Amino acid sequence: MLRIMGAACIMLGSTGIGFWYRQRLYAAIWHLRSMKQILEFFMSEIRYGKATLPECCKKVGERMEEPYRGALLEIYEKTEAYDGSSFSEKWISCMTDALADVPITQKEKEIFLGFSSGSRISDNHMQLQAAAGYRDMIESSIKSREEEVQKQGRMAAGLGIMGGLLLTVILI
């Protein structure tokens, strides 16, 4: 009886690990899409609302989910409380904290954090072009991830199940 219970626990555990890994792959795509959406919202606010970047942070932050909501609103609050640091420094500081537990690569994080380099440009047209460039880079990351996720997601779930079966057979 204990062997059967042990085998069931091993199967459930290894299957759970496989599906957990698969879920992290899908979460990475969700986060990349959220980043792309933030940049598109910024572009819209700059283009049609003639908003400054801190104002964009407030307006976009109210529409987004965590961890982006808190980071964007914090950037706005820090900008309003002017402490001598630039928008770029505030963006990098707050977004680095927000992206700490996000399951994306360091390169993808750097692309999103690099958006703030366009904040030094005072011309709205140039800010739009900078945001569009970073949005396109994130879009290419999304496309490459989507191709990988289909294969890797199935493989992760399958390896979890098969690993559990193998351990169960070995132990019984």
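Before any of the text, the structure's been laid out above.
Now for a quick tour of the structure.

The rules behind these values
- In this convention, every chain numbers its residues from 1, walking through the sequence in written order.
- Local features in this predicted model are restricted to residues whose pLDDT is 70 or higher, and side-chain atom pairs enter the listing and the counts only when it is 80 or higher, whereas totals over whole chains, interfaces and linings include all residues.
- Derived side-chain values reflect all non-hydrogen atoms in the structure, with water molecules and hydrogen atoms excluded from consideration.
- Helix numbering and strand numbering both begin at the N terminus, where a helix is a DSSP run of H or I of at least 4 residues and a strand a DSSP run of E of at least 2.
- Restricting the calculation to C-alpha atoms gives the radius of gyration, and the globule rule supplies 2.2 Å times the number of residues raised to the power 0.38.
- Each residue is placed in one exposure class: buried if its accessible area under a 1.4 Å probe, protein chains only, is under 20% of its type's maximum, exposed if it is over 50%, and partly exposed if it falls in between.
- Note on contacts: a residue pair is in contact if any heavy atoms of the two residues lie within 4.5 Å.
- Surface accessibility in these figures is a Shrake-Rupley result with a 1.4 Å probe; residues are shielded only by whichever protein chains are displayed.
- For the purpose of charge, His is not counted, nor are the chain termini; Lys and Arg are scored as positive and Asp and Glu as negative.
- Working definition for charges: the position is that of NZ of Lys, CZ of Arg, CG of Asp or CD of Glu.
- The criterion is simple. A nonpolar core is a set of buried Ala, Val, Leu, Ile, Met, Phe, Trp, Tyr and Cys residues joined through side-chain atoms within 4.5 Å.
- Identification of polar contacts relies on pairs of N or O atoms within 3.5 Å, with a donor-acceptor requirement for protein atoms, meaning one able to donate a hydrogen and the other able to accept it, and with residues adjacent in sequence counted only if both atoms are side-chain atoms.
- Note on ring pairs: Phe, Tyr and Trp rings are taken, using the six-membered ring of Trp, and paired if centres are within 6.5 Å. Classes follow the plane angle, with under 30 degrees stacked, over 60 edge-to-face and the rest tilted.
- As a reminder, the over-ring test applies to NZ of lysine and CZ of arginine, requiring each to be within 6 Å of the ring centre and within 35 degrees of the ring normal.
- A side-chain nitrogen of Lys or Arg and a carboxyl oxygen of Asp or Glu constitute a salt bridge if their distance falls within 4 Å.

**What to know about the overall build of the protein**
The helix and strand tally for the protein stands at six helices and zero strands. What you see in the protein, going N to C, is helices and strands ordered as α-α-α-α-α-α. Rg of the C-alpha trace for the protein: 21 Å, well past the compact-globule value of 16 Å for 172 residues, more than 25% over. The burial tally for the protein puts 40% of its 172 residues in the buried class. For the protein, the share of sequence-separated contacts (at least 6 apart) that also reach a separation of at least 24 residues comes to 65%. Accessible surface for the protein amounts to roughly 10000 Å². Of this, 59% is attributable to carbon and sulfur atoms. For the protein, the separation between the mean place of its 21 positive charges and that of its 21 negative charges on side chains is 7 Å.

**A few points about the nonpolar core**
Among the nonpolar cores identified, the biggest contains 37 residues, and Phe42, Leu72, Trp91, Met95 and Phe112 are the most heavily contacted of them. Every element with two or more residues in this core is listed here: α1 (2-49), α2 (53-61), α3 (68-80), α4 (87-98), α5 (106-114) and α6 (124-171). For this core, the element with the highest residue contribution is α1, accounting for nine residues. Not counting chain neighbours up to four residues away, the residues in contact with Leu72 comprise Ile38, Phe42, Cys57, Val60, Gly61, Met64, Trp91 and Met95.

**Some details on the side chain of Thr15**
Checked against the element boundaries, Thr15 lands in helix α1. For Thr15, the side chain forms a polar contact with the main-chain oxygen of Met11, separated by 2.7 Å. Residues in contact with Thr15, not counting those within four places in the same chain, are Gly160 and Ile161.

**Some points on the packing of aromatic side chains**
To describe a pair of aromatic rings, you give the distance between the ring centres and the angle between the ring planes. Taken as a whole and judged by the stated rule, the model has three aromatic pairs. With centroids separated by 5.8 Å and ring planes inclined at 80 degrees, the aromatic side chains of Phe42 and Trp91 adopt a geometry described as edge-to-face. Residue Phe42 is located in helix α1, and its partner Trp91 is located in helix α4; the two are separated by 49 residues in the primary sequence. Overall, the relative accessible area of 0% leaves Phe42 in the buried class. Ring centres of Trp91 and Phe112 lie 5.4 Å apart, and the angle between their planes is 50 degrees; on these two criteria the pair is classed as tilted. Residue Trp91 is found in helix α4, and its partner Phe112 is found in helix α5; the two are separated by 21 residues along the sequence. Summarising the burial analysis for this pair, Trp91 and Phe112 share the class buried. Counting every residue linked through ring pairs, the aromatic cluster contains Phe42, Tyr68, Trp91 and Phe112. Sitting over the face of the ring of Phe41, Arg63 holds its NZ or CZ atom 4.4 Å from the ring centroid.

**Things to note about the pattern of salt bridges**
Taken as a whole, this structure holds eight salt bridges when the rule is applied. Linking Glu74 and Lys78 is a salt bridge whose minimum nitrogen-to-oxygen distance equals 3.3 Å. Here Lys78 and Glu74 lie together in helix α3, a separation of four residues that amounts to about one turn. On the basis of relative accessibility, which here comes to 30%, the residue Lys78 falls in the partly exposed class. Close ionic contact of Asp136 with Arg135 constitutes a salt bridge, the shortest N to O distance being 3.3 Å. What emerges from the salt-bridge pattern is a single network uniting Lys36, Glu40 and Glu139.

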